[in-house]
Amino acid sequence: MLEIKNLHVEIDGKKILNGINLTIKEGEVHAIMGPNGSGKSTLANVLAGKDDYEITEGEILFNGKDITELEPEERAGEGVFLAFQYPVEIPGVTNTTFLKEAFNAQRKYRGEEEMDGLKFVKHLRQKTRDLGISEEMLKRSVNVGFSGGEKKRNDILQMSVLEPKLAVLDETDSGLDIDALRTVADGVNGLRKPDNAFVVITHYQRLLDYIVPDQVHVLAFGKIRKSGGKELALELEEKGYADFTGAEGEAA
Amino acid sequence: MAATQETVEQVQSLEQDKYKYGFVTEIEAESAPKGLNEDIVRFISAKKNEPEWMLEWRLKAFRHWQTMEEPEWSKLNFKPIDYQDAYYYSAPKSMEDRPQSLDEVDPELLRTYEKLGIPLEEQKVLAGVAVDVVFDSVSVATTFKEELKEQGIIFCSISEAIQEHPELVKKYMGSVVPYGDNKHACLNSAVFTDGSFVYIPKGVRCPVELSTYFRINAENTGQFERTLLIADEDSYVSYLEGCTAPQRDEHQLHAAVVELVAMDNAEIKYSTVQNWYPGDQDGNGGIYNFVTKRGICRGDHSKISWTQVETGSALTWKYPSTILKGDHSSAEFYSVAITNGAQQADTGTKMIHLGKNTRSRIISKGISAGKSQNTYRGLVRIGAKAEGARNFTQCDSLLVGDRCGAHTVPYIENKNRSARVEHEATTSKISDDQLFYCRQRGIPEEEAVGLVVNGFCREVLQELPMEFAVEAQKLVAISLEGSVG
């Protein structure tokens, strides 16, 4: 589904990613772990197509199609979803309106018929019920006055409505207490399907107790230094990132 | 070569498409000659078969106008207007035989409204709206009139009111906006061609939203609409005014006057969606919109509420105001003003508190994009006798891009120690993070701007009657096209 080949990325002339290679198949969950400043969030943003990042080398193939030149909204239409580390507030725009716009914009991009308001609201209500989210949340402005946990849950709701093929969770666990973490993880697990995939970016192992990955990658100095099964996360928990934070390139 | 030519043509057609409602209806106009003098004033009055007192009032205004200076305190930059280079009267020719029903209305006209997505017939049936259509200065259709008549409501063109209800017109016209109020209002008093007249009798709650659609059509025609609305004791009325104008090259002068009178316990809700042609990217060809709108809460416990959505015009000079004369009277001003391209807007309101325990509330949302300039100018005046008066003002400005300007100029004059006046103001920029968030969810950039801005204006838009709110939301998005990227 996703194939990242020798990806090099710079911001303002500063090298952040130095040759990432990563292959993710349908139905898989990959965790990307690493110390602060290793390039984890950059990778997430580059996948989503945020401006300010310059790809100097390499390509990102999504279902065989190079998406590096696509606009963020086009990538979303292709099925790429980013759960934000800091979800943004949009005052005055209700969650319902926002989701309807997004949902129909994606359908339009894919050449599908847009869903009318009533039908969409029904669809949306079903999703909130499935996730155990109160319908009252739909009437509130996007993320305005939401607690940290509510914002993350809102992202999960968006994910469940938009049904992306690939969801990238950028440190979704940051700032969450254990209960909120569990709710978010339950949400994600409920959305796992044979034909979609997840990239879970995290600093800590604890999220992976709840969202169990098929593969774990350690990112440091802009490169994947080590890959392994879920036991790698436990190993990191024990030893920390010391092995990877030495001189550049001297990873284990 | 062919490919180049094709590209050029394509780009041109895109440019022209920018103003989606920029089409021209072909109806022959019967115009007065260009220029302005006493003869033109007499021509207009004669054309409308007006009584002597009306002509005298017009002439008095015209003579006064010649002595007046143009107001120059606004933050608007434009070349002086050549008043002799415009036409002051034009009427669709089919008006010679006034249509008695919609069936008799020029089909060309009806098609125009259909293009706007507001077909008269449908509106009549679906929305229950009585529509008084002002097309090129003359009303051509009035619907629901009979139904309204049964309740004693008068809803007609101002020309008709001058003929049929001279006592009301004589009593109230110029009572809120005197003919010498300012140069633009004075010009209107001399040459106004048509507009609407509404009278709601005592104790009557108007059962439908009254609405008028304005369009400028004939080239070089100044539009001088005049609206007079009187709500007698214990009555209620909601009035909607909306405009979209076809594309034109020449600057078009628009100087309207609106007067509202609310008696004891009466309530008037006046909503406007304005989308005159804003001109090209450099502001050429857009409408100059100089409007004097004022209401008076004459009676105790009366209320006037203005809701404005301004997206068009090259220049907007407009300050819908309320004089709170009656004790315990209240006024509201909800406004969205959007400027894009080279548009300039200097708008706001005046709240003049004269009565005891009067209250006013001002919510203004200004959005500037492109290289436009958007100024809020508001006056809150508390008179010496206005014991316990209160005002709350909130002015929020939103900037899109970094070439535009937002300015807030509040004036507060308080002569009563018991009054409470609050003013809050914010200025923010539409953030890249907000746009990226929307786009990541699949919403293209321009739509994302429309969405964020609609959210910013929500507090005001939700004050609009339902059918207008939907139209306004679309307008907000349309008027910001081309503001990013």
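Structure: see above.
Residues numbered from 1 in each chain as written. Chains lettered and ligands numbered in written order. Predicted model: local features only at pLDDT ≥ 70, side-chain atom pairs only at ≥ 80, totals over all residues.

Draft legend 1. Focus on the sheet that holds strand β12 (residues 223-228) of chain A. All names here are of chain A. Strand order in the open sheet formed by six strands is β6-β9-β10-β3-β11-β12, and the pairing between neighbours is mixed. In this open sheet, the two edge strands, each paired with only one partner strand, are β6 (80-83) and β12. Geometrically, the sheet is characterised by an average inter-axis angle of 20 degrees between neighbouring strands, direction not taken into account. Examined bridge by bridge, strand β9 (residues 166-170) and strand β10 (residues 197-202) share five bridges and lie parallel to one another. Looking across to β10, one finds that leucine 166 is bridged to alanine 197. Against the sheet, helix α1 (residues 40-48) engages β3 (29-33), β6, β9, β10 and β11 (215-220), with an angle of about 145 degrees to β9. (Pairing = 2+ DSSP bridges. Helix = DSSP H or I, 4+ residues; strand = E, 2+ residues; numbered from the N terminus. Axes fitted to C-alpha atoms, helices over the stretch in contact; angles between N-to-C directions. Contact = placed C-beta atoms within 7 Å.)

Draft legend 2. Inspection of the pairing of β3(A) at higher detail. All names here are of chain A. Among the five residues in β3, five count as buried, and that is most of the element. Residues Val29, Ala31 and Met33 line one face of β3 and the alternating positions His30 and Ile32 line the opposite face, and both faces are buried. Looking at chain direction, β3 and β10 are connected through five bridges and run parallel. Considered in β10, the bridge of valine 29 is made with phenylalanine 198. Of the strand pairs in this sheet, β3 and β11 are connected by four bridges, and their pairing is parallel. By the bridge assignment for β11, isoleucine 32 is matched with histidine 217. (Buried ≥ 20, exposed ≤ 12 C-beta atoms within 10 Å, placed from the backbone.)

Draft legend 3. Structural view of helix α3 (residues 52-67) of chain B. Residue and element names in this part refer to chain B. With 16 residues, α3 should cover 22 Å at 1.5 Å per step; its first-to-last C-alpha distance of 23 Å lies within 8% of that length. Within the sequence span of α3, burial applies to Arg58, Ala61, Phe62 and Trp65. Along the long axis of α3, the arc covered by the buried residues comes to 100 degrees, so they all point the same way. Among the exposed residues of α3, those oriented more than 90 degrees off its buried face are Glu52, Trp53, Glu56 and Thr67. Its buried side turned inward, α3 meets α2 (38-47) and α9 (183-191). (Expected span 1.5 Å × (residues − 1). Arc of directions from axis to C-beta.)

Draft legend 4. Quick peek at unusual backbone geometry. Residue and element names in this part refer to chain A. For glutamate 163, which is not a glycine, the phi torsion comes out positive at approximately 45 degrees. Tracing the backbone through its elements, the reader meets glutamate 163 in the loop between α6 (148-162) and β9. By C-beta crowding, glutamate 163 is classed as partly exposed, having 15 other C-beta atoms within 10 Å. A positive phi angle is found at glutamate 171, which is not glycine, with a value near 45 degrees. Counting through the fold element by element, glutamate 171 comes out in the loop between β9 and α7 (178-191). Exposure remark for glutamate 171: the 20 C-beta atoms within 10 Å place this residue in the buried category.

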